[in-house]
Amino acid sequence: MRSSIFNINTSKTFLLINKLVKIFLLVLITLNFSCKEEKKVGENKKNNAQENTEQPNIVVLLCDDLGYGDLSSFGHPIIKTPNLDKLAETGIKLTNFYSTAPVCSPSRAGLLTGRSPNKAGIYDFIPGLKKSPDNRDLVHLQAHEKTIPAMLKSVGYATCLVGKWHCSSRFNSEAQPQPNDFGFDHWMATHNNAGPSHKNPKNFIRNRKKVGEIEGFSSQIIVSEAIDWLEKKENKKPFFLEVAFHEPHEPIASPEDLVEKYLPQAKTREQAEYFANVENVDIAVGRLVNYFKENNMENTLIVFSSDNGPETLLRYGEKARHSYGSPGNLKGMKLWTNEAGFRVPGIINWLGKETFTGTTNNVVSALDYFPTFAVLAGAETPNNLDGESFTSLLQTGEFNREKPLIWAFYDAINERRVAMRKGKYKIMARIEANGETLGKIHNLYDGNEALVKNAELVDFVMFNLEQDINESEDLKDKEPEVFNTMKLAFQKEYKKLLDESHIWVRAE
């Protein structure tokens, strides 16, 4: 009997111990799971914090009328640009970089929006306010346009513009949107050129207020303004900074010591002043880059380019007497749809970040800034952009563009005013209306809309730009299959562009 009771007690004890062990194990598992979840949440918070702190500062350096061959790193035999050359040497040198138009205002609008400037209704440079029958006086970047600074501001960036604006016919007026309406927290800019010249300009506006005469040269003045803004910026937000140089656009003025440096090698004093003008930009860039480095702004992406190609000497008389810009080996100049009109020097350098380094022939456009910056900043990318993100180029040196680049510049100096780059090929055409070449047009409005939209592309030519950079050999007969494919794509893209182009209508 005693033995039986003992066996029963032993059995009960075993079951109790087993139950306690299971409870203990369950508690351990629960605690372990809880710890892991807390750790995971902590890691996620940490990763999110790291992502936020890894948003790069973004700096756009934009020259005005700088030619493809105007930097020493792009082949100029005389002009010295050591700071820009170093950015190219330690970063990415882009030999197939394109602006969005062969003239200033549409080029700047395309850069800011990531879309063809025709879609924004900016077809040519924007003059000062003067009523015209083609409604050109109405032209401005419209309030609904999404821009790079506004996009970056939405994800925590501080934003600043210094230099040239040229995206509205009514500058510093309540009648049209101004830089602050497109996301710039701080701006000091001019409508168009620095006036009366680059030296001691009088026409800057800072945040809607006239500044008055500023002593010095424009390129140095705007870099000083940018540095001052960075110095006063109270928070630790990442920043977007657009430095839109007036140089080397006329009216040119350059420091005398730099002019003296180039006089022995120049053909004329005016040419020496042009050479000095470009170097003065380089010196200003060097100041800005040194400031970034000295202040530990190591996560700063810098992109450098020009709004269009070089001006033609004396094209508009004595006012263009300094225009000694070089197209390099390219055909054409500013206002052309041949390569020199919009293929410009391109440089990318990400301070403090390991990227691909070297020269690339990949086709890149200023249209690509918007989607690239959006990806890097963690912002939403609009689905109506004409540009593509080139983040792969930063990582691997490869960027295979899927979207063709198309330009329709109705005021071009050359006859073929519509052009498209797709892969290694470029195709161009004249526009013919009622059996005649379409006349030069500054603006699309309700008075010429039907004429332009009913016109046809004719007289096509095609070039292989990898083998023929100066567009000397028309291949449409030698490579008929490629030509037919290019022609169909060209016609399709041009029709799409026309369909989406903004038409200016004056309100009654």
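Just so it is clear, the model here is predicted, and its values are computed rather than measured.

**Observations regarding the overall build of the protein chain**
Consideration 1: Per the secondary structure count, the protein chain includes 12 helices and 16 strands.
Consideration 2: Long-range contacts, defined here as pairs at least 24 residues apart, represent 71% of the contacts in the protein chain between residues at least 6 apart.
Consideration 3: Accessible surface, the protein chain: about 23100 Å² in total, of which carbon and sulfur atoms supply 51%.

**What to know about the environment of Val-259**
Consideration 1: With respect to the element layout, Val-259 can be found in helix 6 (residues 256–262).
Consideration 2: Judged by its relative accessible area of 1%, Val-259 falls in the buried class.
Consideration 3: A sequence separation of 17 residues divides Val-259 from Ala-276, and the C-alpha atoms of the two residues are 5.3 Å apart.
Consideration 4: Setting aside residues up to four positions removed in sequence, Val-259 forms contacts with Ser-254, Arg-269, Ala-272, Glu-273 and Ala-276.

**Re the packing of aromatic side chains**
Consideration 1: Per the stated rule, a full pass over the model turns up 18 aromatic pairs.
Consideration 2: For the ring pair Trp-229 and Phe-239, a centre distance of 6.3 Å and an interplane angle of 90° mean the geometry is edge-to-face. One end of the pair, Trp-229, is in helix 5 (residues 218–232); the other, Phe-239, is in strand 7 (residues 239–244), with 10 residues separating them in the sequence.
Consideration 3: Residue Trp-229 is classed as buried on the basis of its relative accessible area of 10%.
Consideration 4: The exposure class of Phe-239 is buried, given its relative accessible area of 2%.
Consideration 5: Geometrically, the ring pair formed by Phe-460 and Phe-483 is edge-to-face, given 6.2 Å between the ring centres and 75° between the ring planes. Here Phe-460 is found in strand 16 (residues 456–464), whereas its partner Phe-483 is found in helix 12 (residues 480–500), with 23 residues between them in sequence. For the pair formed by Phe-460 and Phe-483, the shared burial category is buried.
Consideration 6: Aromatic rings pair up to connect Phe-97, Phe-184, Phe-240, Tyr-369 and Phe-373 into one cluster.

**Details of the packing of helix 2 (residues 82–90) against helix 7 (residues 269–294)**
Consideration 1: Contact geometry of helix 2 with helix 7 gives a least axis separation of 7 Å together with a crossing angle of 60°. The angle between helix 2 and helix 7 falls in the class oblique. Packed against helix 2, whose contacting residues are Pro-82, Asn-83, Leu-84 and Leu-87, the element helix 7 presents Asp-282, Ile-283, Val-285, Gly-286 and Val-289 at the interface.
Consideration 2: Looking at the contact of helix 2 with helix 7 residue by residue, the class counts come to 6 nonpolar, 2 polar and 1 charged.

**Some remarks on the environment of Ala-455**
Consideration 1: Here Ala-455 lies in the loop between helix 11 (449–454) and strand 16.
Consideration 2: Residue classification places Ala-455 among the buried positions, given a relative accessible area of 13%.
Consideration 3: Sequence separation between Ala-455 and Ala-433 is 22 residues; the distance between their C-alpha atoms is 4.5 Å.
Consideration 4: Non-local contacts of Ala-455, meaning those with residues more than four positions away in its chain, are made with Ile-431, Glu-432 and Ala-433.

**Section: the pairing of strand 9 (residues 343–351)**
Consideration 1: In terms of burial, strand 9 is a largely internal element, 9 of the 9 residues being buried.
Consideration 2: Where strand 2 (residues 92–98) lies against strand 9, 5 bridges are found, and the strand directions are antiparallel. Of the residues in strand 9, the one forming a bridge with Lys-93 is Ile-347.
Consideration 3: Alignment of strand 8 (residues 300–306) against strand 9, held across 5 bridges, turns out to be antiparallel. Pairing of Leu-301 across the sheet is with Trp-350, part of strand 9.

**A look at helix 9 (residues 369–377)**
Consideration 1: In terms of burial, helix 9 is a largely internal element, 7 of the 9 residues being buried.
Consideration 2: Those residues of helix 9 lying buried are Tyr-369, Phe-370, Pro-371, Thr-372, Phe-373, Ala-374 and Ala-377.
Consideration 3: Gly-378 occupies a position one or two residues after helix 9 and carries a positive phi of about 75°.

**Some words on the confidence of the model for the protein chain**
Consideration 1: Here the protein chain averages 92 in pLDDT, while 90% of its residues score no lower than 70.
Consideration 2: Segment residues 1–17: pLDDT under 50, and 0 contacts once partners within four positions in sequence are set aside and those in other chains are kept.
Consideration 3: In this model residues 25–53 is a low-confidence stretch, pLDDT under 50, and it forms 1 contact with partners more than four residues away in sequence or in other chains.

**Quick word on the nonpolar core**
Consideration 1: If you look at the biggest cluster of nonpolar residues, it comprises 76 residues, and the most contacted ones within it are Trp-165, Tyr-369, Phe-373, Tyr-410 and Tyr-494.
Consideration 2: At 6 residues, helix 12 tops the list of elements feeding residues into this core.
Consideration 3: If we ignore the near neighbours within four places in the chain, the residues touching Tyr-494 are Ile-406, Ala-408, Tyr-410, Val-418, Ile-431, Val-452 and Leu-457.
Consideration 4: Judged by nonpolar contacts, the second largest core, of 53 residues, contains Cys-160, Ile-227, Val-289 and Ile-347.

**Digging into the packing of helix 5 against helix 7**
Consideration 1: Running from N to C, helix 5 and helix 7 cross one another at 15°; their axes reach a closest spacing of 9 Å. The angle between helix 5 and helix 7 places the two elements in the roughly parallel class. Note that helix 5 runs across helix 7; the crossing there is right-handed. Across from Ser-219, Gln-220, Val-223, Ser-224, Ile-227, Leu-230 and Glu-231 in helix 5, the residues of helix 7 making contact are Asn-280, Val-281, Ile-283, Ala-284, Arg-287, Leu-288, Tyr-291 and Phe-292.

Conventions adopted
Residue numbering note: each chain is counted from 1, following its sequence as written. Predicted model: local features are reported for residues with pLDDT of at least 70 only, side-chain atom pairs are reported and counted for 80 or more only, and whole-chain, interface and lining totals are derived from all residues. Just so you know, side-chain values use all the structure's heavy atoms and leave hydrogens and water out. Put simply, DSSP H or I for four residues or longer makes a helix, DSSP E for two residues or longer makes a strand, and each gets a number counted from the N terminus. It only takes one pair of heavy atoms within 4.5 Å for two residues to be counted as in contact. Calculation of accessible area relied on Shrake-Rupley with a 1.4 Å probe; when residues are assessed, cover is drawn exclusively from the protein chains displayed. For each residue, the accessible area found with a 1.4 Å probe, counting protein chains only, is set against the maximum for its type, and the residue is called buried under 20%, exposed over 50%, and partly exposed in between. Stacked, tilted and edge-to-face are the three classes applied to pairs of Phe, Tyr and Trp rings, where Trp contributes its six-membered ring and a pair requires centres within 6.5 Å; stacked means planes under 30 degrees apart, edge-to-face means over 60, and tilted covers the rest. Only the stretch in contact is used when fitting a helix axis, every axis being a line fitted to C-alpha atoms; angles between N-to-C directions are given from 0 to 180 degrees. An angle below 35 degrees is treated as roughly parallel, one above 145 as roughly antiparallel, one from 65 to 115 as roughly perpendicular, and anything else as oblique. Three classes are used, and their members are as follows: Ala, Val, Leu, Ile, Met, Phe, Trp, Tyr, Cys and Pro are nonpolar, Asp, Glu, Lys and Arg are charged, and the others, Gly among them, are polar. Paired strands are those between which DSSP finds at least two bridges. Confidence of the prediction at every residue is given by pLDDT, a number between 0 and 100. Among the buried residues, those of types Ala, Val, Leu, Ile, Met, Phe, Trp, Tyr and Cys that are joined through side-chain atoms within 4.5 Å form a nonpolar core. Rotating anticlockwise by less than a right angle from the far helix to the near helix defines a left-handed crossing, while the corresponding clockwise rotation defines a right-handed one.

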